[in-house]
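Fold and geometry: a report
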2 protein chains.
Amino acid sequence: MSTGPVARGRRPGDGRTRDAIVRAARTAFADQGYDATSLRGIAREAGVDPALVHHYFDGKAALFAETMRIEVDVRDVVGQILAGDPEGVGERAVRAFLRVWDSPEHRPRLLALLRAALTHDEAARALREFLVREIFGRVVVGLRPVGADPSEPLSADEGLRAGLAASQMIGLATMRYVVVLPAVAQAGVEDLVPHLGATLQRYLVPGSPQV
Amino acid sequence: MSTGPVARGRRPGDGRTRDAIVRAARTAFADQGYDATSLRGIAREAGVDPALVHHYFDGKAALFAETMRIEVDVRDVVGQILAGDPEGVGERAVRAFLRVWDSPEHRPRLLALLRAALTHDEAARALREFLVREIFGRVVVGLRPVGADPSEPLSADEGLRAGLAASQMIGLATMRYVVVLPAVAQAGVEDLVPHLGATLQRYLVPGSPQV
């Protein structure tokens, strides 16, 4: 094994090694796009042996998914959506989404990730797993009736509901940040929330009172 | 001026010339992507002098927009959505959209156009003008109260409504055809229509009865 990375103080099993790889990957994916990013280049940037990248991550798509997870604090977002009465789920989901995407800190990287997912199959796979498994799937499970088993996989109806919620939010991100349609891009959060909140409420919460 | 195209029977003013350019552009954008497509290459493929491409179209984005317009018969789609009672607008919009996108004839080219729009600013501009000016803007205008002036530009509220309808449909196309989320990609039209029809109804028709 090369002594370079060890000399720089990063060893396998060192939590900082994994973090350094993810940080380097996040920058590389955002700056160079999905295709042009290589695991070797990420290793070099992180100052670790390429074998360590493979030790921690099962390929480029897995590392890409991890950079999205690190960009958005999933536990925090899902927690915000579920905290409070079920009638407010749609509105809280829209507010949480806009809070992350409207922030100048996150937006450039999220945009790069979205573009990568829209043009590369591996990245698309990572995005759909992220959105449904980590975000909207958790919300749907969190909204199951009292007594239901949270470890049960999503039913077909739950999967469709989570997927439709993801589709509206991805469409919003596309129109507001990528295509930059003025009516949607310049709308304030308070203009968007009534419309989009009602949509997400209907998708995510079966039998919601109509708002 | 080169005699080649003339010898092949296409002169300025000949309607077939313009059609030949659009057909060549449609293939080029779909096969090569937006960036790699050149107006010169399109002219060569169409068998016309490059000056003619500039005669008919104000640059690559304008030609791109025209290839989208030719892919989807706009008049037909808007007519289908508006024909019938206002309570059915959302459902008819979703059905019209899925009819075009689910067709094996249109889908590959529409996908290529969507991908181009998501990664290139000029193509994004063409897509947003197409969706709002040609499709959802016309629907919103068609739904104005009796006696309203159809030549008035969209109000801020109308623009937002048209934009949100476009955002849900672009998000659906992304999840169903690009990212290929199984729950959304494998859903039948009759599974999708109740959910998405209600969303488009609420966006497009102010004060719709909730469905």
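As a reminder, the structure under discussion sits directly above these lines.
First, a word on what this report is: a plain description of the structure on this page.

Thresholds, definitions, all that
Residues numbered from 1 in each chain as written. Chains lettered and ligands numbered in written order. Predicted model: local features only at pLDDT ≥ 70, side-chain atom pairs only at ≥ 80, totals over all residues. Heavy atoms only, no water. Helix = DSSP H or I, 4+ residues; strand = E, 2+ residues; numbered from the N terminus. Buried < 20%, exposed > 50% of the residue type's maximum accessible area, 1.4 Å probe, protein only. Contact = heavy atoms within 4.5 Å. Areas by Shrake-Rupley, 256 points an atom, 1.4 Å probe, with all protein chains shown as cover. Lys, Arg positive; Asp, Glu negative; His and termini not counted. Charge placed at Lys NZ, Arg CZ, Asp CG, Glu CD. Polar contact = N/O pair within 3.5 Å; in protein donor to acceptor, adjacent residues only side chain to side chain. Least-squares fit on C-alpha atoms with pLDDT ≥ 70 in both. Expected span 1.5 Å × (residues − 1). Bend = angle between axes of the 7 residues up to and from the residue. Axes fitted to C-alpha atoms, helices over the stretch in contact; angles between N-to-C directions. Parallel < 35°, antiparallel > 145°, perpendicular 65-115°, else oblique. Left-handed = near helix turned anticlockwise from the far one by under 90°. Nonpolar A, V, L, I, M, F, W, Y, C, P; charged D, E, K, R; others polar. Salt bridge = Lys/Arg side-chain N within 4 Å of Asp/Glu carboxyl O. Buried area = accessible area lost by both parts, 1.4 Å probe. Phe/Tyr/Trp six-rings, centres within 6.5 Å; stacked < 30°, edge-to-face > 60°.

Further remarks concern the overall build of chain A. Per the secondary structure count, chain A includes 12 helices and 0 strands. Scanning chain A from its N terminus toward the C terminus, one meets helices and strands in the order α-α-α-α-α-α-α-α-α-α-α-α. Seen through its principal axes, chain A has C-alpha atoms that stretch 65 × 45 × 25 Å. Evaluated residue by residue, chain A yields a buried proportion of 53% over its 211 residues. Partitioning the contacts of chain A with sequence separation of at least 6, the portion at a separation of at least 24 is 69%. For chain A, the accessible area works out to roughly 9500 Å², and carbon and sulfur atoms hold 52% of it. Each charge class in chain A was averaged separately, 26 positive and 26 negative side chains, and the resulting centres sit 5 Å apart.

This next bit is on the side chain of Thr174 of chain A. By the element assignment, Thr174 of chain A lies in helix α10 (residues 156-178). For Thr174 of chain A, the side chain forms a polar contact with the main-chain oxygen of Ile170 of chain A, separated by 2.7 Å. For Thr174 of chain A, the residues in contact, after removing those within four places along its chain, are Leu114, Val179 and Val180 of chain A together with Leu118 and Ile170 of chain B.

The next thing to look at is the relation of the copies chain A and chain B. Between chain A and chain B, which share one sequence, the superposing operator has a rotation angle of 180° and an axial displacement of 0.0 Å; the RMSD is 0.0 Å. As the rotation angle and translation indicate, the two copies are arranged about a two-fold axis. Among all residues of chain A, the one whose C-alpha sits closest to the rotation axis is Gly171 of chain A, at a distance of 1.8 Å. Here 100% of the interface residues in chain A have copies in chain B that are interface residues too; the copies meet face to matching face.

In this section: helix α9 (residues 121-142) of chain B. Given a rise of 1.5 Å per residue, 22 residues ought to cover 32 Å, and the 30 Å separating the end C-alpha atoms of α9 of chain B matches this to within 8%. The sharpest bend along α9 of chain B measures roughly 40° and falls at Phe136 of chain B.

Residue and element names in this part refer to chain B. Close contact between helix α2 (residues 15-36) and helix α3 (residues 39-46) brings their axes to 8 Å; oriented N to C, the two are set at 120°. Between α2 and α3, the angle falls in the class oblique. For the pair α2 and α3, the crossing hand works out as right-handed. Listed contacts from α3 to Ala20, Ile21, Ala24, Ala25 and Ala28 of α2 are Ile42, Glu45 and Ala46. Of the residues contributing to the contact of α2 with α3, the split by class is 7 nonpolar, no polar and 1 charged.

So, on to the pattern of salt bridges. Between side chains of opposite charge, a pair can form when the charged atoms approach closely. Evaluation of the coordinates by the stated rule reveals 16 salt bridges over all chains. Among the salt bridges present, the one from Arg176 of chain A reaches Asp102 of chain A, with a minimum N-O distance of 3.1 Å. Note that Arg176 of chain A is positioned in helix α10 and Asp102 of chain A in the loop between α7 (89-101) and α8 (107-119), a separation of 74 residues in sequence. Overall, the relative accessible area of 9% leaves Arg176 of chain A in the buried class. Classification of Asp102 of chain A by relative accessible area gives partly exposed; the value is 24%. Across the pair Asp157 of chain B and Arg161 of chain B runs a salt bridge, and its minimum N-O distance is 2.9 Å. Placement of the pair is Asp157 of chain B and Arg161 of chain B together in helix α10 (residues 156-178), with a separation of 4 residues, close to one helical turn. A relative accessible area of 11% places Arg161 of chain B in the buried class. Look at the salt bridges and you will find they share partners, linking Glu91, Arg95 and Glu190 of chain A into a network.

At the interface, 41 residues of chain A touch 41 residues of chain B. Carbon and sulfur atoms supply 67% of the area buried between chain A and chain B, which totals about 3300 Å² over both sides. Considering only the side of chain A, the residues that lose the most area to chain B are Leu118, Leu160 and His195 of chain A, jointly responsible for 18% of the buried surface there. On inspection of chain A and its partner chain B, the count reaches 0 salt bridges.

Spanning 13 residues, α8 of chain A covers 18 Å between terminal C-alpha atoms, matching the ideal 18 Å at 1.5 Å per step. Taken together, the buried positions of α8 of chain A are occupied by Leu110, Leu111, Ala112, Leu113, Leu114, Ala116, Ala117 and Leu118 of chain A.

We now examine the packing of aromatic side chains. Residue and element names in this part refer to chain B. Applying the stated criterion to the full structure yields 6 aromatic pairs over all chains. Centroid distance Phe29 to Phe64: 5.1 Å. Interplanar angle 90°. Geometry classified as edge-to-face. Of this pair, Phe29 sits in helix α2 while Phe64 sits in helix α5 (residues 60-71), placing them 35 residues apart in sequence. In this structure Phe29 comes out as buried when scored by relative accessible area, which is 1%.

By themselves these figures say nothing about function.
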